[in-house]
Amino acid sequence: MANSCLQLGGFLVSCLGWMGVVIAISTNEWVNMCKYGLNTCKKMDELEAKGPWAECVISTGLYHCVSLTQILDLPAYIQTTRALMITGSILGFVAVVMLLMSMPCISLGNEAQGSKNRRAVLGGVLVLIVGLCSLVSTVWFPIGAHQQEGLMSFGFSLYAGWIGTVFSLLGGSLLTCCSSDSPPRSFQDHNRFYYSKQGGGNAPATSTTNHAKSAHV
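Residues numbered from 1 in each chain as written. Predicted model: local features only at pLDDT ≥ 70, side-chain atom pairs only at ≥ 80, totals over all residues. Heavy atoms only, no water.

Going by the annotation in an unreviewed UniProt entry, the name recorded for the chain is Claudin-11, with Takifugu flavidus given as the source organism. Here is the UniProt Subunit (unreviewed entry) comment for the chain, exactly as written: "Interacts with tetraspanin-3/TSPAN3. Interacts with OCLN." Word for word, the UniProt comment on the chain under Sequence similarities (unreviewed entry) is "Belongs to the claudin family." (UniProt positions renumbered as here; feature names shortened; annotations may be inferred.)

Structural data, given as structure tokens:
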């Protein structure tokens, strides 16, 4: 029962982590950039946002984005972030499907529980890979943006990626550690012997007396 609850908890946490990764890669407010200082830019209403796919200008009543389509001219941190986050999103979808079919409440024919446990472990490993891909992307992107652009602050997309990373690593760890096959219990005890009570619990006495036959002539 406890193992099933841990599997279900790991599945739910992994789904939340995958959703965080998808939200991060599908939005562009990873970092907010400013040339003069964040407070000055907010007062002047000249704040810019940057993500893996576009650079946006954020101001009152205006939200304009320019897509980053020059793939060969993009910095390495943007290209790496795109590759890792797309890979993590695809692997996360595959892992969620595998984990869903591995839940104790879902039965696929006469499938053995051991096969479901192995599939759950494989899904947990995939979720861990998703968390590692998101971890590298969400750490490298702000470092690269700061080196290239200067002053900045973190955007909500980056926070979503960090939350997705933590949930993915936690859910993958739960599924990997708690879905392994438990060894069967052995009830054989070769050193014990059981006796049934007969005749008030006393074993029948063995007669050792030899009766000699007397011969009478």
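Here the focus is the overall build of the chain. Along the backbone of the chain there are 5 helices and 5 strands. Within the chain, counting contacts between residues at least 6 apart in sequence, those at least 24 apart form 68% of the total. (Helix = DSSP H or I, 4+ residues; strand = E, 2+ residues; numbered from the N terminus. Contact = heavy atoms within 4.5 Å.)

The next subject is the UniProt feature "transmembrane region" (unreviewed entry) in the chain. In the UniProt entry, the feature "transmembrane region" (unreviewed entry) is given for residues 83-108, 120-143 and 155-178. Along residues 120-143 the backbone is 100% helical and 0% strand, and the end-to-end C-alpha distance reaches 35 Å. Within residues 155-178, the helical portion is 96% and the strand portion 0%, while the C-alpha atoms at the span's ends are 35 Å from each other.

Turning our attention to empty space enclosed by the protein. Per the stated rule, a full pass over the model turns up 1 cavity of 30 Å³ or more. Around the largest cavity, the lining residues are S14, G17, W18, G92, A95, V96, V127, V130 and S168. Looking at the lining of the largest cavity residue by residue, the classes come out as 5 nonpolar, 4 polar and no charged. (1 Å grid on protein atoms, 1.4 Å probe; cavity = no way out; pocket = protein on both sides within 12 Å on 5 of 7 lines; lining within 4 Å. Points joined across faces, edges and corners; volume = space filled by probe spheres on them. Nonpolar A, V, L, I, M, F, W, Y, C, P; charged D, E, K, R; others polar.)

Let us look at a nonpolar patch on the surface. On the surface, a cluster of nonpolar side chains totalling about 580 Å² of accessible area is made up of W53, I86, I90, F93, V94, V97 and M101. Tracing the sequence through the fold places I86 in helix 3 (residues 76-101). (Patch = residues over 30% accessible without salt bridge, like charges linked within 9 Å, V, L, I, M, F, W, Y side chains within 5 Å. Areas by Shrake-Rupley, 256 points an atom, 1.4 Å probe, with all protein chains shown as cover. Salt bridge = Lys/Arg side-chain N within 4 Å of Asp/Glu carboxyl O.)

Right, let's talk about the environment of I23 for a bit. Inspection of the secondary structure puts I23 in helix 1 (residues 2-26). Sequence spacing of I23 and G161 is 138 residues, and the spatial spacing of their C-alpha atoms is 7.5 Å.

Summed over the entire model, instances satisfying the criterion amount to 6 aromatic pairs. Residues W18 and F93 carry aromatic rings whose centres are separated by 6.2 Å and whose planes lie at 45 degrees to one another, so their mutual orientation is tilted. Placement of W18 in helix 1 and of F93 in helix 3 is noted, with a sequence separation of 75 residues between them. Relative accessible area serves as the criterion here: at 23%, W18 is assigned to the partly exposed category. An angle of 90 degrees between the planes, with centres 5.1 Å apart, marks the rings of F154 and W162 as edge-to-face. (Phe/Tyr/Trp six-rings, centres within 6.5 Å; stacked < 30°, edge-to-face > 60°. Buried < 20%, exposed > 50% of the residue type's maximum accessible area, 1.4 Å probe, protein only.)

Looking now at helix 5 (residues 156-178). Between its terminal C-alpha atoms helix 5 stretches 33 Å, which fits the 33 Å expected from 23 residues at 1.5 Å a residue. Turning to helix 5, its buried residues number three or more, namely S157, L158, A160, G161, G164, T165, S168, G171, G172, L175 and C178. (Expected span 1.5 Å × (residues − 1).)

Time to look at the sheet that holds strand 5 (residues 152-154). Pairing in this open sheet of 5 strands is antiparallel, and the strands run 4-3-2-1-5 from one edge to the other. Unpaired on one side and paired on the other, strand 4 (62-67) and strand 5 mark the two borders of the sheet. Across this sheet, the average inter-strand angle for adjacent strands is 25 degrees, counted without regard to direction. Where strand 2 (residues 47-50) lies against strand 3 (residues 54-59), 4 bridges are found, and the strand directions are antiparallel. Of the residues in strand 3, the one forming a bridge with L47 is I58. (Pairing = 2+ DSSP bridges. Axes fitted to C-alpha atoms, helices over the stretch in contact; angles between N-to-C directions.)

Turning our attention to the nonpolar core. In terms of nonpolar packing, the biggest core is built from 16 residues, with W30, V31, Y77, I78, M85, F141 and A145 touching the most fellow members. For this core, the secondary-structure elements that each account for two or more residues are helix 1, strand 1 (31-33), helix 3 and helix 4 (113-149). Beyond its immediate stretch of four places on either side in the chain, I78 contacts K50, P52, L68 and F141. Residues A95, V96, L99 and L126 belong to the second largest nonpolar core, which totals 11 residues. (Core = buried A, V, L, I, M, F, W, Y, C linked by side-chain atoms within 4.5 Å.)

Reading fine detail from the predicted coordinates is not recommended where pLDDT is low. Residues at a pLDDT of 70 or more form 70% of the chain, whose mean pLDDT is 78. For the chain, the element scoring lowest by mean pLDDT is helix 2 (residues 38-44), at 64; helix 3 scores highest, at 92. Segment residues 183-196: pLDDT under 50, and 0 contacts once partners within four positions in sequence are set aside and those in other chains are kept. Counting contacts from residues 203-217, a segment whose pLDDT is below 50, to residues more than four positions away or on other chains yields 0 contacts. (pLDDT = per-residue confidence, 0-100.)

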